[in-house]
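# An overview of the molecular structure
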Amino acid sequence: RGPKGEERMNVRTSFYNEQEDWPVTVELKHRMEAVIYRTLDREGYDRSCEVSVAFVEEEKIRALNAAYRGRDSVTDVLSFADGTADPDTGVILLGDVVICAKRAVEQAERFGHSAEREFCFLAAHSTLHLLGYDHETELDEKIMRRKQTEILDSLGITQERRRRKTENGKAYGD
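Residues numbered from 1 in each chain as written. Predicted model: local features only at pLDDT ≥ 70, side-chain atom pairs only at ≥ 80, totals over all residues. Heavy atoms only, no water.

Across its full length, the chain carries five helices and four strands. Considering the chain as a whole, with its 174 residues, one finds that 39% of them fall into the buried category. A separation threshold of at least 6 residues defines the contact pool for the chain, and within that pool the share at least 24 residues apart is 63%. Within the structure as shown, the chain displays about 10300 Å² of accessible surface, and the carbon and sulfur contribution to it stands at 45%. (Helix = DSSP H or I, 4+ residues; strand = E, 2+ residues; numbered from the N terminus. Buried < 20%, exposed > 50% of the residue type's maximum accessible area, 1.4 Å probe, protein only. Contact = heavy atoms within 4.5 Å. Areas by Shrake-Rupley, 256 points an atom, 1.4 Å probe, with all protein chains shown as cover.)

Quick look at the nonpolar core now. With 34 residues, the main nonpolar core has Met32, Val53, Ile99 and Phe119 as its most contacted residues. Contributions of two or more residues to this core are made by β1 (11–18), α1 (26–42), β2 (49–56), β4 (92–100), α3 (101–111), α4 (115–130) and α5 (138–154). Counting residues per element, this core draws most heavily on α4, which supplies eight residues. When neighbours within four sequence positions are excluded, Met32 is seen to be in contact with Phe15, Val53, Phe55, Ile99, Phe119, Cys120 and Ala123. Of all hydrophobic cores here, the second largest spans eight residues; its members include Ala54, Val56, Ile61 and Cys100. (Core = buried A, V, L, I, M, F, W, Y, C linked by side-chain atoms within 4.5 Å.)

What follows covers the sheet that holds β2. Ordered in space as β1-β2-β4-β3, the four strands form an open sheet in which the pairing is mixed. Of all strands in the sheet, those bounded by a partner on one side alone are β1 and β3 (77–85). Shown here is a sheet whose adjacent strand axes are inclined to one another by a mean of 15 degrees, direction ignored. Most of the contacts of helix α2 (residues 58–69) go to β3, to which it runs at about 60 degrees, and overall it touches β1, β2, β3 and β4. Sitting on the sheet, α3 is in contact with β2 and β4, with an inclination near 65 degrees to β4. (Pairing = 2+ DSSP bridges. Axes fitted to C-alpha atoms, helices over the stretch in contact; angles between N-to-C directions.)

Take the environment of Leu93 next. With respect to the helices, strands and loops of the structure, Leu93 is situated in strand β4. Along the primary structure Leu93 and Ser48 are separated by 45 residues, whereas in three dimensions their C-alpha atoms are 8.9 Å apart. Ignoring any residue separated from it by four or fewer positions in sequence, one finds Leu93 in contact with Glu50, Asp82, Gly83 and Thr84.

Applying the stated criterion to the full structure yields eight salt bridges. Taking the shortest distance from any N to any O, the salt bridge between Glu116 and Arg31 comes out at 3.5 Å. Remark: Arg31 occurs in helix α1 and Glu116 occurs in helix α4; sequence separation between them is 85 residues. Among the residues examined, Glu116 registers a relative accessible area of 32% and is labelled partly exposed. A residue is classified by how much of its surface remains accessible, and Arg31, at 28% relative accessible area, is partly exposed. Ionic pairing is found between Arg62 and Asp72, a salt bridge with its closest N-O pair at 2.9 Å. (Salt bridge = Lys/Arg side-chain N within 4 Å of Asp/Glu carboxyl O.)

Once that is clear, we can look at the confidence of the model for the chain. When pLDDT is averaged across the chain, the result is 89; 87% of the residues are at 70 or more. The low-confidence segment residues 1–6, where pLDDT is below 50, has four contacts with residues more than four positions distant or belonging to other chains. (pLDDT = per-residue confidence, 0-100.)

Next up on the list: the pairing of β4. Here β4 lies mainly inside the structure; seven of its nine residues are buried. Taken together, the eight bridges between β2 and β4 define a ladder with parallel strand orientation. Paired with Cys49 across the two strands is Ile92, which belongs to β4. In this structure, β3 lies alongside β4, joined through seven bridges in antiparallel fashion. Directly across from Ala81, in β4, lies its bridge partner Gly95. Count of turn residues in the β3/β4 antiparallel hairpin: six residues, of which Gly90 carries a positive phi of about 80 degrees.

Here it is as structure tokens:
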């Protein structure tokens, strides 16, 4: 309960690690849980819910992407919204998030920030998808990008830039 006795949102997260490309630590899970909670809170979602997060290999996310989106390619993350209520508890099964750990780490390196920051970004991004947001238009993408940045910034998860030399001598972030 909150400070005035009001009901507070209860978010249950389940993590499944089905890959060996990146260690899924307790600390990473806690950071991602905080991002999921903050995303729901900032969007005014106040119902008890469950979100599952699976870390998978490239082959698995490619197969899911082909089966559910008709795209036979590896992607960083997929979100599967549910929204049904458990008939016994009333808890909303918000949905499932599937992250390709190897792709996330590669993106972090390309963008010049930490892998943890990338996983947290994907948690915010996916949670927004579970709530019905998409980025099919330029405006929708801009809205999602702003929301994601605000959520991560509010938790102190900044997009720090690590300078890394490329083959031509330039550094990422220049």
